[in-house]
Amino acid sequence: AIAGALDAREFVLMTDVPGILRDVKDPASLIAETGIDGAKQLIADGVVGGGMIPKVTCCLTALDAGVCATHIIDGRRPHALLEELLAPPDTAKQGTTIAKDVD
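Residues numbered from 1 in each chain as written. Predicted model: local features only at pLDDT ≥ 70, side-chain atom pairs only at ≥ 80, totals over all residues. Heavy atoms only, no water.

1. Section: the overall build of the protein chain
Check the secondary structure of the protein chain and you find four helices and four strands. For the protein chain, the sequential pattern of α-helices and β-strands runs α-β-β-α-α-β-α-β. The principal-axis extents of the C-alpha atoms in the protein chain amount to approximately 35 × 30 × 25 Å. With an accessible surface of roughly 6,100 Å², the protein chain has 57% of that area assigned to carbon and sulfur atoms. Taking the average place of the 9 positive charges on the side chains of the protein chain and the average place of its 15 negative ones, the gap between the two points comes to 4 Å. (Helix = DSSP H or I, 4+ residues; strand = E, 2+ residues; numbered from the N terminus. Areas by Shrake-Rupley, 256 points an atom, 1.4 Å probe, with all protein chains shown as cover. Lys, Arg positive; Asp, Glu negative; His and termini not counted. Charge placed at Lys NZ, Arg CZ, Asp CG, Glu CD.)

Given below as structure tokens:
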């Protein structure tokens, strides 16, 4: 709600996980990008569970409030925020982006 009230374009959620994982035991199963419907489906399918549900729901709320893209990143990584926000577009980013314009 705060990101939307500030008319922020992006919202970053720094946490202690690398992002949304298709398999919580496999860091290589990171889902790099999904859209609103995809994120809702991941919750419905049980891929997103436990403590990830409020994180993803928070991102969906921000998108509903007008934010264009949200990012769930691992705040334990040095420079994680800088890498996420300032990396060139063609650079593989860490974490999961949930965006309005992704199918």
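2. Looking at the side chain of Asp 74
By the element assignment, Asp 74 lies in strand β3 (residues 69-74). Assessed through its relative accessible area of 9%, Asp 74 is described here as buried. Of the polar contacts made by the side chain of Asp 74, one reaches the side chain of Arg 76; its length is 2.8 Å. Those residues in contact with Asp 74 that sit more than four places away from it in its chain are Thr 15, Asp 16, Val 17, Pro 18 and Ala 80. (Buried < 20%, exposed > 50% of the residue type's maximum accessible area, 1.4 Å probe, protein only. Polar contact = N/O pair within 3.5 Å; in protein donor to acceptor, adjacent residues only side chain to side chain. Contact = heavy atoms within 4.5 Å.)

3. Structural notes on the sheet that holds β3
Spatially, four strands are ordered β1-β3-β4-β2 in an open sheet, and the strand pairing comes out mixed. Edge positions in the open sheet fall to β1 (10-15) and β2 (33-35), since each of these has one partner strand only. The average undirected angle you get between the axes of adjacent strands in this sheet is 20°. Examined bridge by bridge, β2 and strand β4 (residues 96-99) share three bridges and lie parallel to one another. Bridging across to β4, Thr 34 finds its partner in Ile 98. Each of β2 and β4 is contacted by helix α2 (residues 36-44), which is oriented at about 95° to β2, the strand it contacts most. Running over the sheet, helix α3 (residues 52-64) touches β1, β3 and β4 and is turned about 150° from β3. (Pairing = 2+ DSSP bridges. Axes fitted to C-alpha atoms, helices over the stretch in contact; angles between N-to-C directions.)

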